[in-house]
Amino acid sequence: MVRFSVLTIFPETLEAAFSASLLGKARERGVVDIETIDIRQYAAGPHLMTDDAPFGGGAGMVMKPEPIVAAIEAVVGARKHRGTYGRKEGAGAGAGAEAGVGAGAEAGVGADAGKRARVILLSPGGKRFTQEMAKELARERHLVFVCGRYEGVDDRVRAHFVDDEVSIGDYVLGGGEAAAWVVVEAVARLVPGVVGNAASIDSESFVEGLLEYPQYTRPRVFRGRAVPDVLVSGDHAAIAKWRREAQIARTKAERADLYARWIAKCGKD
Ligand code: 6GU
């Protein structure tokens, strides 16, 4: 069982994402626990403000640190998450890279590090999310995601109150919510019991370093385009060989970067 806590100013947006399909079923079956927490609940003042104008001036608003940190502390409870207070003071800008996911796992203090919450700030400045990272996160007990708005989160949150900073790619989102959906789904489906057929996980793209082979279903001929004959031949060895070759050809054509890495790892096929 992995617990996911997602801190956001738009809980209803994410609730919809987490209630449907794979994640909704996994939640119902009790193999994952996914909660959305409204950061505004932890805001103070008559207007429950979660953002404010930036010191130094400039456009846009910055998310205030108090509600976010109060929400993190409320969800993490008495068990202090490992990164808070554990990161070097004055690490400042650029600390994100060295404190990225991966480093975080080793940095976990003591043997029970894995039992503590791991707090992840979703922001475009973070370390790029990958399948490798998803695998690592799926081994945690409690993941806490903080969704920032694009304009920014007070940098003291990033520097001192989270363990890792993660981005899903080099493009701009208005906020971390869509990224939280991506990361939670990618991680949750690696939690044992979430995906029915574990074999389907092992053979997936990126797990092995190759794209997947093409899949077809009925009808055998669709608008004049037939399914490859070998797939209806009943010859399982021939089908396996065809699929392997298709994987390699596809990866070479579509993802030269993955192909180069795969060749370096496996020699040649
Ligand atoms: Cl995690 N947040 C935002 N706001 N934009 C992003 C992102 C995250 N990852 C890519 N772009």
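Scope of this entry: the structure provided in the associated data block.

## Section: a positive patch on the surface
Working step 1: On the surface, a cluster of positive charge is contributed by K135, R139, R261 and K265.
Working step 2: Note on placement: R261 falls in helix α11 (residues 256-266).

## Points about unusual backbone geometry
Note on backbone geometry: most residues besides glycine have negative phi, and most peptide bonds are trans.
Working step 1: A cis amide bond, omega 5 degrees, links R218 with the succeeding residue P219.
Working step 2: Along the polypeptide, P219 turns up in the loop between α9 (198-202) and β8 (221-222).
Working step 3: A positive phi angle is found at L48, which is not glycine, with a value near 50 degrees.
Working step 4: Topologically, L48 is positioned in the loop between β2 (32-38) and β3 (51-52).
Working step 5: A relative accessible area of 36% means that L48 is categorised as partly exposed.

## Thoughts on the nonpolar core
Working step 1: Ranked by size, the top nonpolar core spans 35 residues in total, and within it F4, F129, F145 and V187 carry the most contacts.
Working step 2: Elements with a minimum of two residues in this core: β1 (2-8), α1 (11-19), α2 (21-29), β2, β5 (117-128), α6 (131-137), β6 (142-147) and α8 (177-188).
Working step 3: Among the elements that take part in this core, α8 stands out by supplying seven residues, more than any other.
Working step 4: Setting aside chain neighbours within four positions, we find F145 in contact with F4, S5, V6, L7, I120, L122, V183 and V184.
Working step 5: Formed by 19 residues, the second largest nonpolar core is a distinct cluster that contains I72, V76, V157 and V162.

## Examining empty space enclosed by the protein
Working step 1: According to the stated counting rule, one finds one cavity of 30 Å³ or more in the structure shown.
Working step 2: Secondary-structure elements contributing two or more residues to the lining of the largest cavity are β5 and β7 (164-167).
Working step 3: For the lining of the largest cavity, the element with the highest residue contribution is β5, accounting for three residues.
Working step 4: A class-by-class count of the residues in the lining of the largest cavity yields nine nonpolar, six polar and one charged.

## Here we look at the site of the ligand
Working step 1: Around the ligand, the structure places L122, S123, P124, V166, S167, I168, G169, Y171, L173, G175, G176 and A179.
Working step 2: Taking I168, its main chain carries an N or O atom lying 3.0 Å from a nitrogen atom of the ligand.
Working step 3: Within the complex, the protein chains bury 100% of what would otherwise be the 290 Å² of accessible surface of the ligand.
Working step 4: Cavity membership is defined here by more than half of the atoms lying within 2 Å of grid points; on that basis the ligand lies in the largest cavity.
Working step 5: The set of elements that each furnish at least two residues to the shell around the ligand consists of β5 and β7.
Working step 6: Examining the composition of the shell around the ligand, we find that three residues originate from one element, β5, more than from any other.
Working step 7: Residues belonging to the shell around the ligand are distributed by class as follows: seven nonpolar, five polar and no charged.

## Comments concerning the packing of α1 against α8
Working step 1: Running from amino to carboxyl end, α1 crosses α8 at an angle of 20 degrees, the nearest separation of the two axes being 10 Å. Between α1 and α8, the interaxial angle falls into the category roughly parallel. The two elements α1 and α8 meet at a crossing, and its hand is right-handed. On the side of α1, the interface is formed by L14, A17 and F18, while α8 contributes E177, A180, W181 and V184.
Working step 2: Residues that form the contact of α1 with α8 fall into these classes: six nonpolar, no polar and one charged.

## Topic: the sheet that holds β1
Working step 1: As summarised here, the arrangement of the five strands in space is β2-β1-β6-β5-β7, forming an open sheet in which the pairing is parallel. Edge positions in the sheet fall to β2 and β7, since each of these pairs with one other strand and no more. Here the strands of the sheet are splayed against their neighbours by 30 degrees on average, with no regard to which way each runs.
Working step 2: With five bridges connecting them, β5 and β7 associate as parallel partners. Directly across from K127, in β7, lies its bridge partner V166.
Working step 3: Its contacts with the sheet put α8 on β1, β2, β5 and β6, and the angle it makes with β1 is roughly 175 degrees.

## A closer look at the packing of α1 against α2
Working step 1: α2 packs onto α1 with a crossing angle of 80 degrees between their chain directions and a minimal axis gap of 5 Å. With respect to α2, the element α1 is oriented roughly perpendicular. Here α1 contributes E15, A17, F18 and S19 to the contact with α2, which in turn contributes S21, L23, G24 and R27.
Working step 2: The class makeup of the residues in the contact of α1 with α2 is three nonpolar, three polar and two charged.

Rules and cut-offs
- Residues numbered from 1 in each chain as written.
- Predicted model: local features only at pLDDT ≥ 70, side-chain atom pairs only at ≥ 80, totals over all residues.
- Heavy atoms only, no water.
- Patch = residues over 30% accessible without salt bridge, like charges linked within 9 Å, V, L, I, M, F, W, Y side chains within 5 Å.
- Areas by Shrake-Rupley, 256 points an atom, 1.4 Å probe, with all protein chains shown as cover.
- Salt bridge = Lys/Arg side-chain N within 4 Å of Asp/Glu carboxyl O.
- Lys, Arg positive; Asp, Glu negative; His and termini not counted.
- Charge placed at Lys NZ, Arg CZ, Asp CG, Glu CD.
- Helix = DSSP H or I, 4+ residues; strand = E, 2+ residues; numbered from the N terminus.
- Buried < 20%, exposed > 50% of the residue type's maximum accessible area, 1.4 Å probe, protein only.
- Core = buried A, V, L, I, M, F, W, Y, C linked by side-chain atoms within 4.5 Å.
- Contact = heavy atoms within 4.5 Å.
- 1 Å grid on protein atoms, 1.4 Å probe; cavity = no way out; pocket = protein on both sides within 12 Å on 5 of 7 lines; lining within 4 Å.
- Points joined across faces, edges and corners; volume = space filled by probe spheres on them.
- Nonpolar A, V, L, I, M, F, W, Y, C, P; charged D, E, K, R; others polar.
- Near = heavy atom within 4 Å.
- Polar contact = N/O pair within 3.5 Å; in protein donor to acceptor, adjacent residues only side chain to side chain.
- Sits in = over half its atoms within 2 Å of the grid points.
- Axes fitted to C-alpha atoms, helices over the stretch in contact; angles between N-to-C directions.
- Parallel < 35°, antiparallel > 145°, perpendicular 65-115°, else oblique.
- Left-handed = near helix turned anticlockwise from the far one by under 90°.
- Pairing = 2+ DSSP bridges.

Read these as spatial facts, not as claims about activity.
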